[in-house]
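Close look at the chain arrangement
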Amino acid sequence: MLAKAVERFTKWALSAWRDLSLDAKVVAVFGVGNWFLLFANHTTVAATHDVPLWQLFPPGADVVFLIACGTLAFAYPFRDHRAHGSFTTRARIVHLAAIIATFVIVPTLASIILRETGKPYTYIHDGALMVEEAARKFLAGMNPYVADYLDTPMFFWPMINNPALYHLTYFPFMFLVTGPFVWFFDQFGFVWDQRYLYLPAYVGTLALVPFIVQGAARRLAMTAAIGLNPQLFPFVVEGRNDFFVLLFLFAGLALLMRERRTMSSLAFAAAGAAKLHALIFLPFVAVYLIATKRPRNLREAIAALVPTWPAALFLLATFVPFLANNFAAFYDDVVSYNAGGAAWTYPISGMGFSAILLALGLIPYRQADFPFAAIEIAVAAPIAVWWFVRLWQRPSIATLLAGYALTLLAFLFFGRYFQGNYLGFIAAVFTPVPFLATRAARRVPRRVRRAVPGIVMAPRPPREPAPAPPPSPAPVPVALDSVAEPSPVGVGSTD
């Protein structure tokens, strides 16, 4: 009896799943899946250790938060299954926005409030705290790559012997953008939180999705897949900068798809000036820009890159002052600190190749030097070259993103550390690929039959002339006022 009940339920569930729309399936997978992960796996930085997201709320409110997340996640596919046509696109947008607000925006605001009402080094990731303090060092006339951070709240951040006290690992654009906001808030006595910049970037990235893919169902599905990425959205709460970079990448994609090459290259340059992840994207963009022009010689290839000169100037203006001021300090902070070889190197962590070697005992301790940079280049370079060739042969946005995502995966996985948000960033970059590939496949024109050369087609015999129609009867005179107006039905139906 129980087996039959289980069988009937399974058949009903499979039938109901097949009937769901694309966006309802994606929301069900990501929404319901993340709801289960909220109870333990989705954690964030607190005062002294990481806690589950629901513990950001006081007793009672935490239960409301969990119930709201679960109810909204389950309700979307249920409404799609039961309502069908009455679950309109506008209603779907509102429902998905409510899910995203509950899962991401509300906990982020709660974390900001807890930090502002407590200590400045609690409830925030040390990367965001570092950018804030680097902006203050820059405003004070110091080179953030030369200065240390022992005199900042970074000193009290809950990590013993934090190497970030001596190394700024981020590119200049990150703290240059933050500088004016820090100055204004400090000048007027307000508390600046880096998430005031990162949270709007998260919302802005999702708002750009409709400019990248077509169709309501695909837009909603892609928004849900990126906004509820389980390896990415929890890090928005604690203040990591992935969506700040994705905002410029997605803006560049939307502009590139509309042939706004100068503006798109500027957006890509801004992303590259903020983080190494995006800097790796720039060679792929250059190959795409040249390949789409189909140059016949070197001169035409160079001409295809002419629209990118403002982006090149932007990168030079961002990096050169710090390189010229103290190249050794910049290299030590950005390269040696991350790859190994600095006075105080970033400890091996995460879930990549380095963590496997550490677990196997092939690396003695977390801060030991190891030639990860050589391994990264040896693995990622052939993958990049292969995708360059493919992108040259068939330049498309889908190929551009796929090549970049897989190259970045190889480069980061074999690096010194491979964090969960790195995997989430790569997944977010790759998410548009299946949607764009499906669209491209549907637009392939039908083949036109052509005569095979060498085969002479016999001419068809002339047809018999059709018999002449019988003469029509003479028209009967009718009064003008008795002529009916033509029916409007069918007018304009040629579309």
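Cut-offs applied
- Residues numbered from 1 in each chain as written.
- Predicted model: local features only at pLDDT ≥ 70, side-chain atom pairs only at ≥ 80, totals over all residues.
- Heavy atoms only, no water.
- Helix = DSSP H or I, 4+ residues; strand = E, 2+ residues; numbered from the N terminus.
- Buried < 20%, exposed > 50% of the residue type's maximum accessible area, 1.4 Å probe, protein only.
- Contact = heavy atoms within 4.5 Å.
- Areas by Shrake-Rupley, 256 points an atom, 1.4 Å probe, with all protein chains shown as cover.
- Polar contact = N/O pair within 3.5 Å; in protein donor to acceptor, adjacent residues only side chain to side chain.
- Patch = residues over 30% accessible without salt bridge, like charges linked within 9 Å, V, L, I, M, F, W, Y side chains within 5 Å.
- Salt bridge = Lys/Arg side-chain N within 4 Å of Asp/Glu carboxyl O.
- Expected span 1.5 Å × (residues − 1).
- Bend = angle between axes of the 7 residues up to and from the residue.
- Axes fitted to C-alpha atoms, helices over the stretch in contact; angles between N-to-C directions.
- Parallel < 35°, antiparallel > 145°, perpendicular 65-115°, else oblique.
- Left-handed = near helix turned anticlockwise from the far one by under 90°.
- Nonpolar A, V, L, I, M, F, W, Y, C, P; charged D, E, K, R; others polar.
- Phe/Tyr/Trp six-rings, centres within 6.5 Å; stacked < 30°, edge-to-face > 60°.
- Lys NZ or Arg CZ within 6 Å of the ring centre and 35° of its normal.
- pLDDT = per-residue confidence, 0-100.

**Here we look at the overall build of the protein chain**
For the protein chain, the count of helices and strands is 21 helices and four strands. Split into buried and exposed, the 495 residues of the protein chain put 45% on the buried side. Within the protein chain, contacts between residues at least 6 apart in sequence are counted, and of these 72% link residues at least 24 apart. Taken as a whole, the protein chain presents about 26,500 Å² of accessible surface, with 67% of it coming from carbon and sulfur.

**Brief notes about the environment of Ala 301**
With respect to the element layout, Ala 301 can be found in helix H14 (residues 298-304). On a C-alpha basis, the gap between Ala 301 and Ala 291 in space is 8.3 Å, while along the polypeptide they are 10 residues apart. Not counting chain neighbours up to four residues away, the residues in contact with Ala 301 comprise Ile 290 and Pro 295.

**What about the side chain of Asp 126?**
Structurally, the position occupied by Asp 126 is in helix H5 (residues 126-139). Here the side chain of Asp 126 touches Asn 162 through a polar contact of 3.4 Å, side chain to side chain. When near neighbours in sequence (up to four residues on either side) are disregarded, Asp 126 contacts Met 154, Trp 157, Asn 162 and Ala 164.

**Observations regarding unusual backbone geometry**
Positive phi, close to 60°, is recorded for Tyr 123, a residue that is not glycine. Following the sequence through the fold, Tyr 123 ends up in the loop between helix H4 (89-116) and H5. The phi angle at Arg 294 is positive, at roughly 50°, despite the residue not being glycine. One can find Arg 294 in the loop between helix H13 (281-291) and H14.

**Section: H13**
Counting buried positions along H13 yields eight of 11 residues, so the element is predominantly enclosed. The complete set of buried residues in H13 reads Phe 281, Phe 284, Val 285, Val 287, Tyr 288, Leu 289, Ile 290 and Ala 291.

**Re a nonpolar patch on the surface**
There is a patch of nonpolar side chains on the surface, built from Phe 138, Leu 139, Trp 183, Phe 184, Phe 188 and Phe 190 and spanning about 630 Å² of accessible area. If you list the elements that add at least two residues to the nonpolar patch, you get H5 and helix H6 (172-187). Structurally, Phe 138 can be placed in helix H5.

**A few points about H6**
In an α-helix, one full turn covers 3.6 residues, which means residues spaced three or four apart are oriented alike. If you check H6, its first and last C-alpha atoms are 22 Å apart, about what 16 residues at 1.5 Å a residue would give, namely 22 Å. Residue Gly 179 marks the point of greatest curvature in H6, where the axis turns by about 35°; the proline Pro 180 follows within four residues. Looking at the packing, one finds that the buried side of H6 touches H5, helix H7 (195-207), helix H10 (242-256), helix H11 (261-272), helix H15 (309-325) and helix H16 (327-339). At the exit of H6 stands Gly 189, carrying a positive phi of roughly 80°.

**Describing the packing of helix H19 (residues 397-413) against helix H20 (residues 420-430)**
The N-to-C vectors of H19 and H20 enclose an angle of 165°; their axes lie 8 Å apart at closest approach. In terms of orientation, H19 lies roughly antiparallel with respect to H20. The chirality of how H19 crosses H20 is left-handed. Along the contact surface, H19 presents Leu 401, Ala 402, Tyr 404, Ala 405, Leu 408, Leu 409 and Leu 412, while H20 presents Tyr 422, Phe 425, Ile 426, Val 429 and Phe 430. In terms of residue class, the contact of H19 with H20 is made up of 12 nonpolar, no polar and no charged.

**Notes on the pattern of salt bridges**
Scanning the model with the defined rule gives 12 salt bridges in all. When the shortest N-O distance is used, the salt bridge between Arg 136 and Asp 186 registers 2.8 Å. Residue Arg 136 is located in helix H5, and its partner Asp 186 is located in helix H6; the two are separated by 50 residues in the primary sequence. Relative accessible area serves as the criterion here: at 38%, Asp 186 is assigned to the partly exposed category. One salt bridge in this structure joins Asp 193 and Arg 195, with 2.9 Å as the shortest N-O distance. Exposure remark for Asp 193: the relative accessible area of 0% places this residue in the buried category. Within the structure, one salt-bridge network assembled from shared partners comprises Arg 115, Glu 132, Asp 193 and Arg 195.

**Brief notes about the packing of aromatic side chains**
Applying the stated rule across the entire model yields 43 aromatic pairs. Taking 5.8 Å as the distance between ring centres and 75° as the angle between the ring planes, the aromatic pair formed by Phe 173 and Phe 248 counts as edge-to-face. With Phe 173 in helix H6 and Phe 248 in helix H10, this residue pair connects regions lying 75 residues apart in the sequence. According to the relative accessible area criterion, Phe 173 is buried, its value standing at 12%. For the pair Phe 327 and Tyr 331, a centre-to-centre distance of 6.1 Å together with 25° between the ring planes defines the contact as stacked. Of this pair, Phe 327 and Tyr 331 both sit in helix H16, four residues apart, which is roughly one turn of that helix. Feature note: the residues Tyr 337, Tyr 346, Phe 353, Phe 413, Phe 414, Tyr 417, Phe 418 and Tyr 422 constitute an aromatic cluster, connected by ring pairs. Here the guanidinium or amino end of Lys 137 rests over the ring plane of Tyr 149, the centre of that ring lying 5.7 Å away.

**So, the confidence of the model for the protein chain**
Predicted confidence across the protein chain gives a mean pLDDT of 87, with 87% of residues reaching 70 or more. Averaged pLDDT values for the elements of the protein chain fall to 76 in helix H21 (residues 432-442) and rise to 98 in H7. Per-residue pLDDT stays below 50 along residues 444-468; that stretch engages in zero contacts with residues further than four places along the chain or on separate chains. The model gives residues 472-495 a pLDDT under 50, and that stretch makes zero contacts with residues more than four places away or in other chains.

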